[in-house]
Amino acid sequence: MRALTWHGKHDVRVESVDDPEILNPRDTIIRVTSTAICGSDLHLYDGFIPTMMKGDVLGHEFMGEVVETGPRSTLKKGERVVVPFTIACGACYHCGKHQYSACDNGLPADNQDIAQELYGQPMSGLFGYSHMTGGYSGGQAEYVRVPFSDVGPIVIPEGVEDDKVLFLSDILPTGWMAAENAAIEKGDTVAVWGCGPVGLFAVQSAFLMGAERVIAIDHFPHRLALAKKFGAETINFEESKTYEALMEMTGGIGPDACIDAVGLEAHGFFVDNVIDQIKGSTFLGTDRAHSIRQAIIACRKGGRVSMPAVYGGFIDKFPLGAFMEKGLTLRTGQTHVQHYMPALLNAILEDKIDTTFLISHRLPLEQAAEGYRMFHDDQNEVTKVVLKPGLELAAE
Ligand SMILES: NC(=O)c1ccc[n+]([C@@H]2O[C@H](COP(=O)([O-])OP(=O)(O)OC[C@H]3O[C@@H](n4cnc5c(N)ncnc54)[C@H](O)[C@@H]3O)[C@@H](O)[C@H]2O)c1
Ligand SMILES: [Zn+2]
Ligand SMILES: [Zn+2]
């Protein structure tokens, strides 16, 4: 089959690789009909995530048709499903608490040591996201093996097009969980750093949860305009100073809740960011953590900070004093996608949440490398790239 493979920094290729096979009784094989490139994939593309190997198949946002089932899969051939990016067993202590991204059994035994060493305990598996998260082949491919298929995938009713439901695989639940983790109260002012897909879904979710005002921060005018369309006020951090603007907009109090939807590749010429960048380029650090630091400093006393954004390693210059003295709460994590999928599918079917506004480009799988380049180089215009394995190649 054809699949998008990783070969190193800024080097991804569509190649022929072996077809996936059923390995365990609960597996299923999916023929992928739509798959998206995520901001998290850019961290791989930029070479920030360790334990990648040449030839790894990428992609953790995908959906498709069931073509083969193991004896203990509950899916049926021909069903259309969206697959959560987190691979979880559904039966362990954490899955029992619906904390699927903390599943104890999502990683093959051989892959547990790295996360155990780095984080204290192994995490759930993730599709197409390094060997530390299981070394699972991803869904930017014609076919993909889905483990624990009796727990994860959600069946999509007939007649609902892919574009409407594809983002149930990751970014919609992630934006929703980000807002939920911000414990929004009616009348709150919520600030969201980053107007990428995650930030934009966090903006929509915050309003649905009762926020009175949402302030969205980015430097790409087109992405800020999308946030505005949902009713957000905006700050362009290249035109105004974010902290000062937030204080002015909130009468000197600060936002009730702050959501960091930027992550380890923060842009901007800020002192801490420049130091992070120098440390990164000299292999003394990995993460550029400017936005989480700023969210903590800007948040009102007694407020809440939510961090859907991904960080991988250790950071310094963390304002622990401000965090403690102001009595803040921080909640974060890889999304417990399985927990949120059913309710969010209903919200989509009832037209309460709009998802298709985000897609700026649809490309055949064969042009996936070009899709990565575009999403990486032109973040203003390119808000989300969806790859369609069956789509005809665009004319040159
Ligand atoms: N927790 C999870 O399960 C989960 C799931 C999906 C994505 N993520 C993470 O969420 C983050 C966002 O994902 P995305 O797909 O929206 O990514 P993205 O790269 O498309 O968007 C990030 C946005 O942040 C903006 N930004 C950069 N520096 C900023 C700054 N200093 N202040 C304000 N905005 C700034 C960028 O301009 C960009 O628009 C990433 O770190 C991604 O890995 C987490
Ligand atoms: Zn994703
Ligand atoms: Zn589990």
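Keep in mind it's a predicted model, so treat the numbers as computed, not measured.

S.K.: Report on the overall build of the protein chain, specifying residues and quantitative values.
M.R.: Regarding its fold elements, the protein chain presents 13 helices and 18 strands. For the protein chain, whose C-alpha radius of gyration is 20 Å, the value lies close to the compact-globule estimate of 21 Å for 396 residues. Each of the three principal axes of the protein chain carries a C-alpha extent, and together these read 60 × 50 × 50 Å. Residues classed as buried in the protein chain amount to 57% of the 396 residues present. Partitioning the contacts of the protein chain with sequence separation of at least 6, the portion at a separation of at least 24 is 72%.

S.K.: Requested: an account of the domain arrangement of the protein chain, with residues and values cited.
M.R.: According to the domain assignment, the protein chain contains domain 1 (2–170 + 335–388) and domain 2 (174–332). The interface of domain 1 with domain 2 comprises 27 residues on the first partner and 23 residues on the second. Between domain 1 and domain 2, the buried area comes to about 2,300 Å², and carbon and sulfur atoms account for 63% of it. Its largest share of buried area at the contact with domain 2, domain 1 owes to Phe48, Phe357 and Asn380, together 26% of the area lost on that side. Counting across the interface, domain 1 meets domain 2 through 0 salt bridges. Mapped onto the side of domain 1 that touches domain 2, the elements with two or more residues apiece are helix H1 (39–45), helix H3 (112–119) and helix H12 (337–349). With 3 residues, H1 is the single largest residue contributor to the side of domain 1 that touches domain 2. Here the residues of the side of domain 1 that touches domain 2 sort into 13 nonpolar, 8 polar and 6 charged.

S.K.: Give me the coordination of the zinc ion (ligand 3): which residues, what numbers.
M.R.: Here the zinc ion (ligand 3) is held by the protein donor atoms Cys89 (SG), Cys92 (SG), Cys95 (SG) and Cys103 (SG), which lie 2.3 to 2.4 Å from it. Metal-centred angles of 101 to 118° between the 4 donor atoms at the zinc ion (ligand 3) mark the site as tetrahedral.

S.K.: Talk me through the coordination of the zinc ion (ligand 2); I want residue IDs and the actual numbers.
M.R.: Ideal values differ by geometry: the angle at a metal is 109.5 degrees with four tetrahedral donors, but 90 or 180 degrees with six octahedral donors. Of the protein atoms, only Cys38 (SG), His60 (NE2), Glu61 (OE) and Asp170 (OD) coordinate the zinc ion (ligand 2), at distances of 1.8 to 2.3 Å. In this structure, the zinc ion (ligand 2) is coordinated by 4 donor atoms arranged in tetrahedral fashion, with angles at the metal of 88 to 132°. Counting along the primary sequence, the residues that act as donors to the zinc ion (ligand 2) give the motif C-x21-H-E-x108-D. Placement of the pair is Cys38 in the loop between strand S3 (28–36) and H1 and Asp170 in the loop between helix H4 (162–165) and helix H5 (171–181), with a sequence separation of 132 residues.

S.K.: Tell me about the site of ligand 1, and please be specific about residues and values.
M.R.: Lining the immediate environment of ligand 1, one finds 32 residues, of which Ser40, Asp218, His267, Pro308 and Thr335 sit closest. Between ligand 1 and Gly194 there is a distance of 3.5 Å, counted from a nitrogen atom to a backbone nitrogen or oxygen. Ile217 has a polar backbone atom sitting 3.5 Å from a nitrogen atom of ligand 1. If ligand 1 stood free it would expose 860 Å²; the protein chains cover 97% of that surface. Taken together, the elements giving at least two residues each to the shell around ligand 1 come down to H1, helix H6 (197–208) and strand S12 (213–218).

S.K.: Now, about the pairing of strand S15 (residues 304–307): what can you tell me, with residues and values included?
M.R.: The side-chain alternation of S15 yields two buried faces, one formed by Arg304 and Ser306 and the other by Val305 and Met307. In terms of strand pairing, strand S14 (residues 257–260) meets S15 through 3 bridges, oriented parallel. Bridged to Ala257 within S15 is Arg304. Two strands pair when backbone bridges link them, and S15 and strand S16 (residues 329–332) are joined in this way by 4 bridges, in the parallel orientation. Across the sheet, Met307 pairs through a bridge with Thr332, a residue of S16. Taken together, S15, helix H11 (residues 320–325) and S16 constitute a β-α-β crossover, and its handedness is right-handed.

S.K.: Hey, could you go over the nonpolar core for me, with residue numbers and the actual values?
M.R.: Core analysis: the largest hydrophobic core is formed by 72 residues, its most contacted members being Val165, Phe167, Leu168 and Val190. The biggest single contributor to this core is H12, with 7 residues. When residues of this core are sorted by domain, at least three fall in each of domain 1 (2–170 + 335–388) and domain 2 (174–332). The residues touching Phe167, leaving out its near neighbours within four places in the chain, are Ala36, Leu172, Pro173, Phe201, Thr355, Leu358, Ile359, Lys384 and Val386.

S.K.: Before we move on, can you summarise a nonpolar patch on the surface with the specific residues and values?
M.R.: Together, Leu118, Tyr119, Met123 and Phe314 make up an exposed nonpolar region whose accessible area comes to about 400 Å². Examined against the element boundaries, Tyr119 turns out to sit in helix H3. Judged by relative accessible area, which is 37%, Tyr119 ranks as partly exposed.

How each quantity is defined
Residues numbered from 1 in each chain as written. Chains lettered and ligands numbered in written order. Predicted model: local features only at pLDDT ≥ 70, side-chain atom pairs only at ≥ 80, totals over all residues. Heavy atoms only, no water. Helix = DSSP H or I, 4+ residues; strand = E, 2+ residues; numbered from the N terminus. Rg over C-alpha atoms; globule rule 2.2 N^0.38 Å. Buried < 20%, exposed > 50% of the residue type's maximum accessible area, 1.4 Å probe, protein only. Contact = heavy atoms within 4.5 Å. Domains from an automatic or database assignment. Buried area = accessible area lost by both parts, 1.4 Å probe. Salt bridge = Lys/Arg side-chain N within 4 Å of Asp/Glu carboxyl O. Nonpolar A, V, L, I, M, F, W, Y, C, P; charged D, E, K, R; others polar. Donors = N, O, S within 2.8 Å, 3.2 Å for Na, K, Ca; no water. Tetrahedral: all angles 85-135°; square planar, octahedral: opposite > 155°, others 65-115°. Near = heavy atom within 4 Å. Polar contact = N/O pair within 3.5 Å; in protein donor to acceptor, adjacent residues only side chain to side chain. Areas by Shrake-Rupley, 256 points an atom, 1.4 Å probe, with all protein chains shown as cover. Pairing = 2+ DSSP bridges. Right-handed = clockwise from strand over helix to strand, strands pointing away. Core = buried A, V, L, I, M, F, W, Y, C linked by side-chain atoms within 4.5 Å. Patch = residues over 30% accessible without salt bridge, like charges linked within 9 Å, V, L, I, M, F, W, Y side chains within 5 Å.

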